[in-house]
Amino acid sequence: EYDYINENIWSGERIEVRKGDKWGIINKAGEVVLDIVYDEPFDCVCFDFDPHQRTFYIVERDGKMGILDYEFNEVIPAEYESLSLNFSSGVAAAGKNGKYGFIDFQNNIVIDFKYDDNGDFHEGLAAVKIGKKWGYINRREELVIPCLYDDAWDFTEGVALVKCDGRCGYINHAGEWAVEPRYDEALPFSEGLAAVSIADKWGYINHLGEFVIEPQFDGAFSFSAGRAMVQTEDGYKHINLFGEFID
């Protein structure tokens, strides 16, 4: 009856099935408990803001994203072309009809869909794209950092990675350069360090723009729990905050 059955995903209580190119959920008795109308397999998430840590389903139907609760009630209707799952600030970035804005978890529009792209709110600011350039707004929709940048990332550790004229640097909340744009590629700060690339080699800088780990890697990832993955001639390895290999 079904082209694919995944009995292991939720310990057999709910079984993910595919019929043709559509997905749904049946119970152990074989009864359909979620209609087989969705485009993709289901991702289950818990949200940090939810004190009960309930399970929610991320769904996609006819190319649009939405969220269902564990009883399959519609929390966010599947009507968004893009939908961030980061509601930690109370709102999340979403895209609809080619424009981008912000909604809350009750599906209220908090900031109208008027931007050409956007990121989530972090440290009180969110990156937004107007035309071809990026800037930052606050929760009152005030453009507090003008749209001057070719690309922009979320604020972390008090600064945001931005790209300007093909070079990457970091700005503070006032839009001032915290680290001048002199890198070919870069990643946001994490655990006090940011991976940056110069002349095809990656290293790590501190908030003063000083290299703490000299450029020497073919690729690099952000630090997490005191370690980061890097790419070397011998493959991928992990380093600690001092640049020492730990595996």
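The structure reproduced in this document is the subject of the present report. (Residues numbered from 1 in each chain as written. Predicted model: local features only at pLDDT ≥ 70, side-chain atom pairs only at ≥ 80, totals over all residues. Heavy atoms only, no water.)

## Quick notes on the nonpolar core
Alright, step 1. If you look at the biggest cluster of nonpolar residues, it comprises 16 residues, and the most contacted ones within it are Ile67, Leu83 and Ile103.
Alright, step 2. Those elements that place two or more of their residues in this core are β6 (56-61), β7 (64-69), β8 (74-80) and β10 (92-96).
Alright, step 3. Among the elements that line this core, the one with the most residues is β8, at three residues.
Alright, step 4. With residues near it in sequence (within four places) discarded, leucine 83 still touches Met65, Gly66, Ile67, Ile76, Ala93, Ala94 and Ile103. (Core = buried A, V, L, I, M, F, W, Y, C linked by side-chain atoms within 4.5 Å. Buried < 20%, exposed > 50% of the residue type's maximum accessible area, 1.4 Å probe, protein only. Helix = DSSP H or I, 4+ residues; strand = E, 2+ residues; numbered from the N terminus. Contact = heavy atoms within 4.5 Å.)

## Examining the state of the cysteines
Cysteine pairs can be linked by a disulfide, which is a covalent bond between their two sulfur atoms.
Alright, step 1. Counting across every chain of the model gives zero disulfides.
Alright, step 2. No disulfide involves cysteine 44; its sulfur sits 8.3 Å from the nearest other cysteine sulfur, which is in cysteine 46.
Alright, step 3. You can call cysteine 44 partly exposed: its relative accessible area is 35%.
Alright, step 4. Given a relative accessible area of 39%, cysteine 46 falls into the partly exposed group. (Disulfide = S-S within 2.5 Å.)

## Digging into the sheet that holds strand β14 (residues 125-130)
Alright, step 1. The four strands lie next to each other as β13-β14-β15-β16, forming an open sheet whose pairing is antiparallel. Strands at the two margins of the open sheet, each flanked by one partner only, are β13 (117-122) and β16 (143-149). If you compare each strand with its neighbour and ignore which way they point, the axes differ by 20° on average.
Alright, step 2. Where β14 meets strand β15 (residues 133-137), five bridges bridge the pair, whose relative direction is antiparallel. Looking at β15, one finds that isoleucine 130 is bridged to lysine 133. (Pairing = 2+ DSSP bridges. Axes fitted to C-alpha atoms, helices over the stretch in contact; angles between N-to-C directions.)

## Re the packing of aromatic side chains
Alright, step 1. In this structure the tally under the stated criterion is 22 aromatic pairs.
Alright, step 2. Ring geometry for tyrosine 57 versus phenylalanine 72: centroids 5.4 Å apart, planes at 25°, classification stacked. Highlighted residues: tyrosine 57 in strand β6 and phenylalanine 72 in the loop between β7 and β8, separated in sequence by 15 residues. Pair check on accessibility: tyrosine 57 and phenylalanine 72 agree, each one buried.
Alright, step 3. Geometrically, the ring pair formed by tyrosine 183 and phenylalanine 211 is edge-to-face, given 6.4 Å between the ring centres and 85° between the ring planes. Taken together, the residues tyrosine 183 in strand β20 (residues 177-183) and phenylalanine 211 in strand β24 (residues 211-217) connect sequence positions 28 residues apart.
Alright, step 4. Taken together, Tyr38, Phe42, Tyr57, Tyr70 and Phe72 form an aromatic cluster joined through their ring pairs.
Alright, step 5. Directly above the ring of phenylalanine 121 sits arginine 139, whose terminal nitrogen or CZ lies 5.6 Å from the centroid. (Phe/Tyr/Trp six-rings, centres within 6.5 Å; stacked < 30°, edge-to-face > 60°. Lys NZ or Arg CZ within 6 Å of the ring centre and 35° of its normal.)

## Examining the pairing of strand β12 (residues 109-115)
Alright, step 1. Across three bridges, strand β11 (residues 99-103) lies against β12 in antiparallel orientation. When the bridges of β12 are listed, phenylalanine 102 appears paired with isoleucine 111.

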